[in-house]
Amino acid sequence: MTMLKKFWKFISSMRFAIALLLILALACAAASLIPQNQTYEWYSQRYSERTAALIMALRLDDAFHSAWFIAITAFLCVNLLLCNLLRLPQLIRRTRAESRPEGALKLSGDISAPDVDDPEAAFARLRMPRPAPCKAEDGRDALFAARHTAGLWGAWVCHLGILLLILGFGLGQMTQKQYAVHGVPGQIRRIGDTACFLSIDDFRIDTREDGSVAQYTTDITVENTASVGPAGGSASVSVNHPAVLCGMKFYQNATGWAARVDVYKDGAPIQQEVVCAGDYLSVKDREGLVVMLNAFYPDYVMTPGVGPSTASDQLNNPAYLYSIYYQGQMVGMNALMADEKVTIDQYTVTFSDPQTYTLIQVKVDRFTPLALAGGLVTLLGLLLALYVQPARVWAIRQDDGRWTLYGQSRKGGALFRERFEKAIKEK
Amino acid sequence: MLAIENTLFTIVMLAYFAAMILYFAFIAVKKEAVARVAVALQIAGFALHTAALVCRGIGAGRLPLTNQYEFATSFAWGLCLVSLIFIIRYKFPVLGAFAAPVIFLIIGYAAMQSKDVKALMPSLRSNWLGFHVSTAIIAYGAFGVSFVLSVIFLLRDRMKASGFLDQHIPNREKLDMLSYRSVSLGLLFLTFTIITGAIWAERAWGSYWSWDPKETWSLVTWIIYAVYLHLRLRRGWRGRSAAIFAVVGFICVLFTYLGVNTWLPGVHSYA
Ligand code: HEM
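Worth saying up front: this structure is predicted, and the values here are computed from it rather than measured. (Residues numbered from 1 in each chain as written. Chains lettered and ligands numbered in written order. Predicted model: local features only at pLDDT ≥ 70, side-chain atom pairs only at ≥ 80, totals over all residues. Heavy atoms only, no water.)

**Some words on the overall build of chain B**
Alright, step 1. The helix and strand inventory of chain B stands at nine helices and zero strands.
Alright, step 2. In terms of overall dimensions, chain B is globule-like: its C-alpha atoms have a radius of gyration of 19 Å, near the 18 Å expected for 271 residues.
Alright, step 3. Once the C-alpha set of chain B is aligned to its principal axes, its extents read approximately 60 × 45 × 30 Å.
Alright, step 4. In chain B, which comprises 271 residues, the proportion classed as buried is 61%.
Alright, step 5. Relative to all contacts within chain B whose residues are 6 or more apart in sequence, the contacts with residues 24 or more apart total 79%. (Helix = DSSP H or I, 4+ residues; strand = E, 2+ residues; numbered from the N terminus. Rg over C-alpha atoms; globule rule 2.2 N^0.38 Å. Buried < 20%, exposed > 50% of the residue type's maximum accessible area, 1.4 Å probe, protein only. Contact = heavy atoms within 4.5 Å.)

**Describing the site of the ligand**
Alright, step 1. The environment of the ligand is made up of 20 residues, and the closest members are Arg87, His159 and Lys411 of chain A together with Tyr180 and His230 of chain B.
Alright, step 2. Residues within reach of the ligand are spread across chains A and B.
Alright, step 3. Within the side chain of Tyr180 of chain B, an N or O atom sits 2.8 Å from an oxygen atom of the ligand.
Alright, step 4. A distance of 2.7 Å is found between a nitrogen atom of the ligand and a side-chain nitrogen or oxygen belonging to His230 of chain B.
Alright, step 5. Contributing elements (two or more residues each) for the shell around the ligand: α2 (14-33), α5 (67-98) and α8 (154-175) of chain A together with α8 (213-232) of chain B.
Alright, step 6. The greatest single-element share of the shell around the ligand, amounting to five residues, is contributed by α5 of chain A.
Alright, step 7. Partitioning the shell around the ligand into residue classes produces 15 nonpolar, three polar and two charged. (Near = heavy atom within 4 Å. Polar contact = N/O pair within 3.5 Å; in protein donor to acceptor, adjacent residues only side chain to side chain. Nonpolar A, V, L, I, M, F, W, Y, C, P; charged D, E, K, R; others polar.)

**Thoughts on the nonpolar core**
Alright, step 1. Formed by 128 residues in total, the largest nonpolar core has its most connected members in Phe92 and Leu95 of chain B.
Alright, step 2. If we ignore the near neighbours within four places in the chain, the residues touching Phe92 of chain B are Phe86, Ile87, Leu149, Ile152, His168, Ile169, Pro170, Leu175 and Leu178 of chain B. (Core = buried A, V, L, I, M, F, W, Y, C linked by side-chain atoms within 4.5 Å.)

**A closer look at the pattern of salt bridges**
Residue and element names in this part refer to chain A.
Alright, step 1. Considering all chains together, one arrives at 24 salt bridges over all chains under this definition.
Alright, step 2. Among the salt bridges present, the one from Asp117 reaches Arg402, with a minimum N-O distance of 3.9 Å. One end of the pair, Asp117, is in the loop between β1 (111-116) and α7 (119-125); the other, Arg402, is in the loop between β20 (391-397) and β21 (403-408), with 285 residues separating them in the sequence.
Alright, step 3. Of the residues examined, Arg402 reaches a relative accessible area of 31% and is grouped as partly exposed.
Alright, step 4. One salt bridge in this structure joins Arg204 and Asp202, with 3.0 Å as the shortest N-O distance.
Alright, step 5. Its relative accessible area of 31% is what places Arg204 among the partly exposed residues.
Alright, step 6. Several salt bridges share partner residues, and in doing so they unite Arg94, Glu98, Arg392 and Arg410 into one network. (Salt bridge = Lys/Arg side-chain N within 4 Å of Asp/Glu carboxyl O.)

**Considering the packing of α2 of chain A against α8 of chain B**
Alright, step 1. Across the interface, α2 of chain A lies against α8 of chain B with an axial gap of 9 Å and an inter-helix angle of 160°. If you check the angle between α2 of chain A and α8 of chain B, you find them roughly antiparallel. The hand of the α2 of chain A/α8 of chain B crossing is left-handed. Residues Met14, Ile18, Leu21, Leu22, Leu24, Ala25, Cys28, Ala29 and Ser32 of chain A of α2 of chain A pack against Thr216, Trp217, Leu219, Val220, Ile223, Ile224, Val227, His230 and Leu231 of chain B of α8 of chain B.
Alright, step 2. A breakdown of the residues in the contact of α2 of chain A with α8 of chain B according to their chemical character gives 15 nonpolar, three polar and no charged. (Axes fitted to C-alpha atoms, helices over the stretch in contact; angles between N-to-C directions. Parallel < 35°, antiparallel > 145°, perpendicular 65-115°, else oblique. Left-handed = near helix turned anticlockwise from the far one by under 90°.)

This is how it looks when you write it as structure tokens:
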């Protein structure tokens, strides 16, 4: 039983909290120094095989999602929760006691001064509320005032906020859904596995006089084809200005190149689509024949030993890097300049009309507001803990009719005592 | 406007340098009049610094808080502001002798950065960026002051007792208290910085926290100062140990600010 009690005490102690916080700080620092989410091969090239094996064994390749990192955070939460629960009754009792004279009048305070003629003026100089008359234990006249008892709650509120924040973040990580949709104006795309479809109505890139990009904006319309859930609508989405539609949040995330791909069979057009770089087109006429646009270079340069790249964003020398697959086998790959053609059997493929596509990120995280609330509560707690300083001042009448003034402020320390002395001297 | 800013910036550097020399002279000759001139010079430098930042803001047509130069000069401005508050409010000119070199170093670092005004990329065009960076400046300034106070605290023990010392450097308890007050200010504003940064990241990138190195290091800094607060509540940990923690905390601040940009890649690399 005592073992168990000791265990509880340790689990909810500040010592444990400090240890956990330091471990967490060390873990974060270590993880930030090691590039995350790379492969064993990558680490063994960058460091050594032994280090790479160690990184993989300790899951330092994805530290922030590893079991041990989550365990530390979970311990921190349990620690905080217990600490806050155990301290609650005591805190309520203390808040009551601090605002009443009974307890204080027995004490000698952090500081005191005898022979004060006008105690009320001293209270005012100490920026205390008007003191209430009361009686000391031995029946003498006394005055008492307390201020800012809310400050006692600072640490508690701050810890509550941190709990909410971690809870909101954790639940968000577990339940959030993320999709990416890309395309050019006129295209309609399904959003992941949902029943919602996103149509790209327009995509604009605003540039300044010097040619730098000021803003990317996509006009979108979202339609919910399911019979349940919120109906869709239209919105403009730009960087720093996301929009909410169908219960999902849409962000302007990136842009890239796309091109028109035309497929001819025996010289007759059979298919035409706009394909984004990285995407492919399946030839409808021939099962298993796939044309992929690997990359697009607006200002193509080929450097031997380095490979293809682009010299600028201007369409000075457009080139299309494509590959063609048949039944999963690559049957061709090359860089094609404008007006060039590829021919495979009776099929001919051309690339033209380079244009920019937009990438919209779609996210559903119901717990973001909880995390935000947690952050704000943490902030409020810090404000209370660090800037609202509870203080008590009381005075007891001496035999000669003058008063002895006492003051107490746990947080105020030397600064409170200094102010107290000044208030007495000022007269 | 930018030309005016350039001139002002040079004058500000000179003013801070002169203030630093005068603070040193004050300690050497132990004359209060020298301290008064040093404080006045620092105030004048601060006023001109403010004017320089305003000129740059007008010249660039936006808040001057978006690149390495602008953030460095603003960081020096914040440290100057917070140290002046402590110097004046707690009648503590000796603090200036320790703060001025740090301010001068930071503004010197700013002087080495490119002063070009570049057009902002879309993700940086956000009001949240303004809140994010301006709160960071106050937080870093306050942490800088707590660092300086802690260094004074640690040195005070080694200094021989003298009348000058007792008159012009607060006792250990008060130094500890002042350091606590400045860490409090810093932590409050760092919390603001992290929250506004998270809100901005959510709007710009769709994710409010992505363990980017700069985010991670701001969290490390936040945790270090949280530990500092807890340690102070434990008997025997006030004073020396707390002071050492405040020094470590400021090293984290500097690493978050400079080291991360230099050594670790991430979305924050441009600022
Ligand atoms: C992880 C578990 C944590 C535990 C168990 C814990 C525990 C405690 C305890 C027992 C106190 C003393 C309360 C009092 O005197 O009324 C305290 C104070 C405080 N805690 Fe925590 N804490 C934790 C984490 C944090 C974190 C991460 C922060 C973030 C800033 C924080 C902020 C504070 C503040 C501001 C105070 C008041 C400090 C002061 O008055 O100087 N705590 N904590």
